[in-house]
Amino acid sequence: MQFMLLFSRQGKLRLQKWYVPLSDKEKKKITRELVQTVLARKPKMCSFLEWRDLKVVYKRYASLYFCCAIEEQDNELITLEIIHRYVELLDKYFGSVCELDIIFNFEKAYFILDEFLLGGEAQETSKKTVLKAIEQADLLQEVRPHVVTLHYE
Amino acid sequence: MALKIVKGSIDRMFDKNLQDLVRGIRNHKEDEAKYISTCIDEIKQELKQDNIAVKANAVCKLTYLQMLGYDVSWAAFNIVEVMSSSKFTYKVKIGLYAHVWICQEIGYISQYDTGVALTGLSCFVTPDLARDLANDIMTLMSHTKPYIRKKAVLIMYKVFLKYPESLRPAFPRLKEKLEDPDPGVQSAAVNVICELARRNPKNYLSLAPLFFKLMTSSTNNWVLIKIIKLFGALTPLEPRLGKKLIEPLTNLIHSTSAMSLLYECVNTVIAGHDVNGSPFLPPFSLALFLFLRFQLCVQKLRILIEDSDQNLKYLGLLAMSKILKTHPKSVQSHKDLILQCLDDKDESIRLRALDLLYGMVSKKNLMEIVKKLMLHVDKAEGTTYRDELLTKIIDICSQSNYQYITNFEWYISILVELTRLEGTRHGHLIASQMLDVAIRVKAIRVFAVAQMATLLDNAHLMTGNVQRKGICEVLYAAAWICGEFSEHLENPMQTLEAMLRPKVATLPGHIQAVYVQNAAKLFATLLKNQEGNTDRTAAQETSQLMIDRLPLFVQSANLEVQERASCILQLVKYIQKLQQKDVEVAEEVIALFAGELNPVAPKAQKKVPVPEGLDLDAWINEPPSESESEDEQPKAIFAKEEPKHSRARHTEVDEKELAKRREARKQEQANNPFYIKASPSSQKVYQEAPGVEHIPVVQIDLSVPLKVPGLPMSDQYVKLEEERRQKERVEKKKKEKKKRKEKRGGRGKKHDSGPESEEDITPAHMVDIVTEEMPLADSEKLPVRSHRAAEALKSPAEDGDAESPASQEPKKKSSKEKREKKKDKDGDRKVSVKNGNPTRETALWMYIYGAEIDIQGNLQDGSQVVVSVIFENKCDNFLKTMEFNVLDSLNSKLQRPEGSGPHDGLSVPFQLPPGVSNEARFVFTMQSIVMPQKLKGTLTFIIKNEDSSTHEKLDFKLHFTCSSYLITTPCYSDAFAKLLESGDLKCSSVRLEGVNMPFHHLLARICFHHHFSVVERIDSCASMYSRSIQGHHVCLLVKTSGQTVSIDAKCDEPTLLGNVLDEIKQTFSQC
């Protein structure tokens, strides 16, 4: 996967994750272009489009569009699965997730994504394991000061 | 200097590096501080060296020390110096060493910390970094925790990409991970190897048996897909593998319910077959097998396409088009299905289906397919898709030299039908097809000419409106065909007239030019026909018609039209003269256009031998210098300069040069079988067309709503809620007053104002004022009640009130009621009775308008809070010398006039006659607003009647909640998102159970009591914002599901946040 974008129906970018190095200018350009193209598509249309030399897979959940760019040989359906799995994870974690959750707790949303995908590849296919890792990390965050000192005792 | 450097490098040998430092620190557990201070001294020495490497080493150590919590700010300059060093590696190393050490040091404390470090690393792997870290990550690949192993394995992929040398040493370990007991690690390893194999499959052939085993044993679809993809990459290299794979793949295709897996299998089979099938023919049995599984794939794809899911349909068609390239036959049988897809609502599916159709046509089914397509053209809405259909129809028909067209009359009529399309951009495409067919298919000319004549006759249909501009290109072809093959015309006179209609002048210039030229051809044909007759007048009339109509074109703004028209006009005039002398001219006129145009194959030129001595590669003229780029010059300049150039050149040109040029022109003409070429202006028209079609601006505007949804709505209801409350309050007040009036007269009757005050209170309050039990004489005891504990305090109030005042000073009894009120800049917003207990006899009402935030003060000094108090005299006596005093705390002080002591009261600057109320404001200075405050205070006053005056005292409590320090500040969602992104905010959250109210009431309550504003609301989730007087941002995310409300909050001041949340919690615990 080359990158993943989350944006609202209004075209506001809510989350972006790039797995290929690109300049900020290029990222902005791509984002603008894709947001425009995807938003212009009608709801009945299929979730795939060919864009530049990549394939774009997008899916809308409530007011949010999840949009991934994959390479030519990649499997579109599994990408849809990945998007869906990510949404499931968000939903489980936040409890009926909505756009505002992602604005408000964007760092958590990123964290969940990082636990699920690493360098553009799915790293963990088990929902349970991912959620467990996130819970652990949350705990860690709360008790962090102790942890640092622990080492030197 | 040199000596110094040498000395420096010798010293370096004895320098500690980072590892030594860490080891040292561990070995000096008892006297760590001492050890570190010696280390720091060493580092200071190192930093003084000129050698940048030494410095870098020192800085590395410093970063580690800083991590341990030691202050290294004294070295800031040196760190910056090293950072700015030209050698990037030092920079990287410093950042990175710190990083590696984070990984390794914390590694055994918390797997999740390492996980975070690795995740972070995945975002910024550079070749340098990859090289430096490859070993460390490799170690992590055999970490005891699967969580770390998994991440390390995946990270290795990024490292391999950046630093391929690391692959060789890491490979055995990576292979090991394929059989890891943890499925997560295993799938990560499969992932990495699959991705690597796609880049360079050769190296991974040896792993095939292992993967084969995995494929047959794994049930995880995610892994299976990757494995199948990997095999897809491997099979082309090892044909035997393909044979072996057939069975498991077929099984999977048959058995799996996961569409993604099925799709992957089918794709792999198709791709594998592609390579297997074409270059090396497999043995017959295999070919048969392949064919069989192929059928299977197509069958499966059919299921996909028939699915109601658009996505599957699309992918099915996509895969079909891949099969089509190698096995057109197996796809052709599904023509019906694909034609069906043309009816789909989704444009991208229709376009895919169209692509497929292109490859599916045969002589047999062409007409049928095109007929179907024509139907779609009629139905299609949206020009893009219709244009796409049109081009596809033409592509399908014209592919490989009209291979599939059996009846050209049919094709011409299709083309003519297509001209009826409105607003298409492809008029020129249709036109070129018409020309092509008419020129190349002799047999069709009669039919074509008849059709074109009709077109010309009905030209007005095409020139009508602007939208049809594209299609009028067709007239270009029609006019040319009618002129060139005019001998086939049934009624040439009518066509000639059609061509010379005044309306023609509205057509684009290049078309008019063709009209004029072909009118002349037609004229020639007509003359020939008419001269054959005995009646000469007909011929003369025709000439007259030309002479009458042509002047219109002579006046044309288009040079080409003008030139041709005036030439021909003169010619016709001359012919007319000759006709009047009864000279037969037809033969000579016809000679003007004699000779037939024959189609020339594009490669025909190759068959003409190059004459001896002609070198086609040699420059005819001197090659133009590169700097001289006339093309780039704007047209206007070009046009102006052109005549000058040509004149100047003209004189220079000698005979030889001319001959050369003639030769060149002949060459050019030879390459140009059709002398008619679309003029550049026509191309321009088409280039402009898409530009107009785009106009994305409109679309963007439409997709972006003008307002953030939720915001106006919530504002609205907050306002409504306020209004409602205001109204209620007014009514309540009235009622209360009424009641009190009654009660003041009819004494003795105690009443419970509990519910009243309760209701009044609920709206909101900035500052609670709680009157304590007052240390008054029994006789003076006043009914006092905290509204929150209204019931509990009821009885003492009764005692004090009902009896003693009656005996002593029947009318003097003063009951005090405090009200508080919050005021905002824009006036009163909320009033609430705080400790209201209006008893029968009331002398003084003290309303405290709570904590109006001093807006002025807020801007310069966020520490001032203004409390407005309303005093109302409810007794029949005069009240004077009121003094307001509050016991200051460390944090908050009542602002007193200069010169007065810290315990002096503030005198209220007015007296109160009976029944009068007035407001006084008191300013408090707060140092910190992160905690709620309670201040004790006293109000002393004198009650004066005719005979005597009595001192009285009233104790109260001022309660400054944290919410009272918040100001309702509107915030737009963009700004809100930015604020959250800044990452400076601390997080906290609270859960409220059993809240049973509509979500918008809940929000209104938070807005009202705690001064928040709704930023955005989506269903049962809303984000809210407020700001403290000291500029703290408070953000809330309120979510509700069932009776549970969860509030996530963020603020730059955690204590304030905690208190605000507590207050919110309390607000809802009361309901």
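About the cut-offs
- Residues numbered from 1 in each chain as written.
- Chains lettered and ligands numbered in written order.
- Predicted model: local features only at pLDDT ≥ 70, side-chain atom pairs only at ≥ 80, totals over all residues.
- Heavy atoms only, no water.
- Helix = DSSP H or I, 4+ residues; strand = E, 2+ residues; numbered from the N terminus.
- Contact = heavy atoms within 4.5 Å.
- Areas by Shrake-Rupley, 256 points an atom, 1.4 Å probe, with all protein chains shown as cover.
- Buried < 20%, exposed > 50% of the residue type's maximum accessible area, 1.4 Å probe, protein only.
- Polar contact = N/O pair within 3.5 Å; in protein donor to acceptor, adjacent residues only side chain to side chain.
- pLDDT = per-residue confidence, 0-100.
- Pairing = 2+ DSSP bridges.
- Axes fitted to C-alpha atoms, helices over the stretch in contact; angles between N-to-C directions.
- Core = buried A, V, L, I, M, F, W, Y, C linked by side-chain atoms within 4.5 Å.
- Salt bridge = Lys/Arg side-chain N within 4 Å of Asp/Glu carboxyl O.
- Buried area = accessible area lost by both parts, 1.4 Å probe.
- Nonpolar A, V, L, I, M, F, W, Y, C, P; charged D, E, K, R; others polar.
- Phe/Tyr/Trp six-rings, centres within 6.5 Å; stacked < 30°, edge-to-face > 60°.
- Lys NZ or Arg CZ within 6 Å of the ring centre and 35° of its normal.
- Patch = residues over 30% accessible without salt bridge, like charges linked within 9 Å, V, L, I, M, F, W, Y side chains within 5 Å.
- Lys, Arg positive; Asp, Glu negative; His and termini not counted.
- Charge placed at Lys NZ, Arg CZ, Asp CG, Glu CD.
- Left-handed = near helix turned anticlockwise from the far one by under 90°.
- Parallel < 35°, antiparallel > 145°, perpendicular 65-115°, else oblique.

We now examine the overall build of chain A. For chain A, the count of helices and strands is 5 helices and 7 strands. In chain A, the proportion of contacts linking residues at least 24 apart, taken out of those at least 6 apart, comes to 49%. Element-wise, carbon and sulfur atoms account for 53% of the exposed surface of chain A, whose accessible area totals about 6,800 Å².

Okay, the overall build of chain B next. Regarding its fold elements, chain B presents 45 helices and 17 strands. The contacts in chain B between residues at least 6 apart in sequence include a share of 69% that link residues at least 24 apart. For chain B, the computed accessible surface area is about 53,100 Å², with 54% contributed by carbon and sulfur atoms.

This part is about the environment of Asp974 of chain B. Along the polypeptide, Asp974 of chain B turns up in helix α43 (residues 973-981). For Asp974 of chain B, a relative accessible area of 39% puts it in the partly exposed group. Separated by 41 residues in the primary sequence, Asp974 of chain B and Val1015 of chain B place their C-alpha atoms 9.4 Å from one another. Among the polar contacts listed, one links the side chain of Asp974 of chain B to the side chain of Lys12 of chain A, at a separation of 3.4 Å.

Once that is clear, we can look at the confidence of the model for chain A. Residues and elements named next belong to chain A. Mean pLDDT over chain A: 82, with 91% of residues reaching 70 or higher. Ranking the helices and strands of chain A by mean pLDDT puts strand β5 (residues 64-70) first, with 91, and helix α5 (residues 127-150) last, with 65. Taken together, the stretch residues 143-153 has pLDDT below 50 and engages in 8 contacts with residues farther than four places along the chain or on a different chain.

Bringing the sheet that holds strand β3 (residues 48-51) of chain A into the picture now. Residues and elements named next belong to chain A. The 5 strands lie next to each other as β2-β1-β5-β4-β3, forming an open sheet whose pairing is antiparallel. Each edge of the sheet is formed by a strand with only one pairing partner; in this case those strands are β2 (13-18) and β3. Strand-to-strand, the axes of this sheet are offset by a mean angle of 20°, without reference to chain direction. As paired strands, strand β4 (residues 54-61) and β5 are joined by 7 bridges and run antiparallel to one another. Counted as the bridge partner of Val57 is Cys68 from β5. On top of the sheet, helix α1 (residues 24-40) reaches β1 (3-8), β2, β3, β4 and β5; it is set at about 55° to β1, its chief contact.

What follows covers the nonpolar core. Grouped together as the largest cluster of nonpolar side chains are 206 residues, with contacts concentrated most on Tyr86 of chain A together with Phe211, Phe231, Tyr411, Leu418, Met434 and Tyr515 of chain B. Here the element with the most residues in this core is helix α29 (residues 509-532) of chain B; it accounts for 12 residues. Not counting chain neighbours up to four residues away, the residues in contact with Phe231 of chain B comprise Ala208, Phe211, Phe212, Met215, Leu241 and Leu245 of chain B.

Inspection of the entire model under this criterion finds 26 salt bridges over all chains. Of the charged contacts, one joins Arg52 of chain A and Glu26 of chain A as a salt bridge, the two residues approaching to 3.3 Å between their closest N and O atoms. Remark: Glu26 of chain A occurs in helix α1 and Arg52 of chain A occurs in the loop between β3 and β4; sequence separation between them is 26 residues. On the basis of relative accessible area, Glu26 of chain A is assigned to the partly exposed category, the value being 26%. Between Asp355 of chain B and Lys392 of chain B there is a salt bridge, with its nearest N and O atoms 2.9 Å apart. Separated by 37 residues along the polypeptide, Asp355 of chain B in helix α20 (residues 347-360) and Lys392 of chain B in helix α22 (residues 383-402) bring together distant segments of the chain. Judged by its relative accessible area of 34%, Asp355 of chain B is partly exposed. One salt-bridge network, held together by shared partners, links Glu50 of chain A together with Arg352, Asp355, Glu388 and Lys392 of chain B.

Residues and elements named next belong to chain B. In this structure, Met452 sits in helix α25 (residues 445-457). Using a relative accessible area of 0% as the deciding quantity, one classes Met452 as buried. Once residues lying within four places of it in the same chain are set aside, the contact partners of Met452 are Ile412, Val416, Met434, Ala478, Ile481 and Cys482.

Here the focus is the interface of chain A and chain B. With 61 residues of chain A at the contact, the number on the chain B side is 68 residues. The junction of chain A with chain B conceals about 5,600 Å² of combined surface from both sides, 58% of it contributed by carbon and sulfur atoms. When residues of chain A are sorted by the area they lose upon contact with chain B, Leu100, Phe104 and Leu118 of chain A head the list and together hold 13% of the total. Counting the contacts that link chain A with chain B gives 8 salt bridges. For Asp101 of chain A, the salt bridge goes to Lys1039 of chain B, with nearest N and O atoms at 2.5 Å. Every element with two or more residues in the side of chain A that touches chain B is listed here: β2, β3, α2 (76-94), α3 (99-104), α4 (106-116), β7 (121-122) and α5 of chain A. Broken down by class, the residue content of the side of chain A that touches chain B amounts to 25 nonpolar, 15 polar and 21 charged.

Phi at Ala62 of chain A is positive, roughly 50°, even though this residue is not glycine. Among the secondary structure elements, Ala62 of chain A is positioned in the loop between β4 and β5.

Moving on to the environment of Gly994 of chain B. Position of Gly994 of chain B among the secondary structure elements: in the loop between β13 (986-992) and α44 (999-1010). Residue class for Gly994 of chain B comes out partly exposed when judged on its relative accessible area of 47%.

Scanning the model with the defined rule gives 16 aromatic pairs over all chains in all. Taking the centre distance of 6.4 Å and the plane angle of 45° together, the rings of Tyr58 of chain A and Tyr65 of chain A count as tilted. For the pair shown, Tyr58 of chain A and Tyr65 of chain A are each scored as buried. Taken together, a centroid distance of 6.4 Å and an interplanar angle of 90° make the contact between Phe106 of chain A and Tyr110 of chain A edge-to-face. Remark: Tyr110 of chain A and Phe106 of chain A occur in helix α4; sequence separation between them is 4 residues, near one turn of the helix. Linked through ring pairs, Tyr402, Phe408, Trp410 and Tyr411 of chain B together constitute an aromatic cluster. Sitting over the ring of Tyr61 of chain A, Lys59 of chain A keeps its end group 5.8 Å from the ring centre.

Here we take up a positive patch on the surface. All names here are of chain A. On the surface, Lys25, Lys28, Lys29 and Arg32 cluster together into a positively charged patch. Mapped onto the elements of the fold, Lys28 is located in helix α1. Given a relative accessible area of 60%, Lys28 falls into the exposed group.

Residue and element names in this part refer to chain A. Strand direction decides the pairing type here: β3 and β4, joined by 4 bridges, are antiparallel. Bridge pairing in β4 places Glu50 opposite Lys55. The hairpin formed by β3 and β4 contains 2 residues between the paired strands, and Arg52 there has a positive phi angle of roughly 50°.

Residue and element names in this part refer to chain B. Averaged over every residue, the pLDDT of chain B is 69; residues scoring 70 or more account for 67%. Predicted confidence in chain B is weakest over strand β3 (residues 827-833), with a mean pLDDT of 31, and strongest over helix α31 (residues 559-580), with 88. Confidence drops under pLDDT 50 across residues 742-844; counting only partners more than four residues distant or on other chains, this segment forms 290 contacts. Reported for the predicted complex are a pTM of 0.63 and an ipTM of 0.81.

We now examine the side chain of Asp1048 of chain B. You can see Asp1048 of chain B is positioned in strand β17 (residues 1044-1051). Buried charged residue Asp1048 of chain B carries no salt bridge. Nearest counter-charge: Lys1039 of chain B, at 7.1 Å. Within the structure, the side chain of Asp1048 of chain B is placed 3.3 Å from the side chain of Asn105 of chain A, a separation counted as a polar contact. Beyond its immediate stretch of four places on either side in the chain, Asp1048 of chain B contacts Phe104 and Asn105 of chain A together with Ser988, Ser989, Cys1035, Leu1036 and Leu1037 of chain B.

As a further point, take the packing of helix α9 (residues 146-162) of chain B against helix α10 (residues 167-177) of chain B. Axis angle and axis distance: for two packed helices, these are the angle between their axes and the distance between the axes, and together they describe the pair. All names here are of chain B. Relative orientation of the contacting elements α9 and α10 amounts to 145°, with a least axis distance of 11 Å. Judged by the twist between their axes, the crossing of α9 over α10 is left-handed. Two secondary-structure elements touch here, α9 through Arg149, Val153, Met156 and Phe160 and α10 through Leu167, Ala170, Leu174 and Lys177. Classifying every residue of the contact of α9 with α10 by side-chain character gives 6 nonpolar, no polar and 2 charged.

Our focus in this paragraph is the packing of α25 of chain B against helix α28 (residues 492-499) of chain B. Residues and elements named next belong to chain B. Here α25 crosses α28 at 40°, and the two axes come no closer than 9 Å. Considering the angle they form, α25 stands oblique to α28. The two elements α25 and α28 cross, and the hand of that crossing is left-handed. Touching Ala453, Leu456 and Asp457 of α25 are Gln494, Thr495, Ala498 and Met499, all from α28. Residue composition of the contact of α25 with α28, by class: 4 nonpolar, 2 polar and 1 charged.

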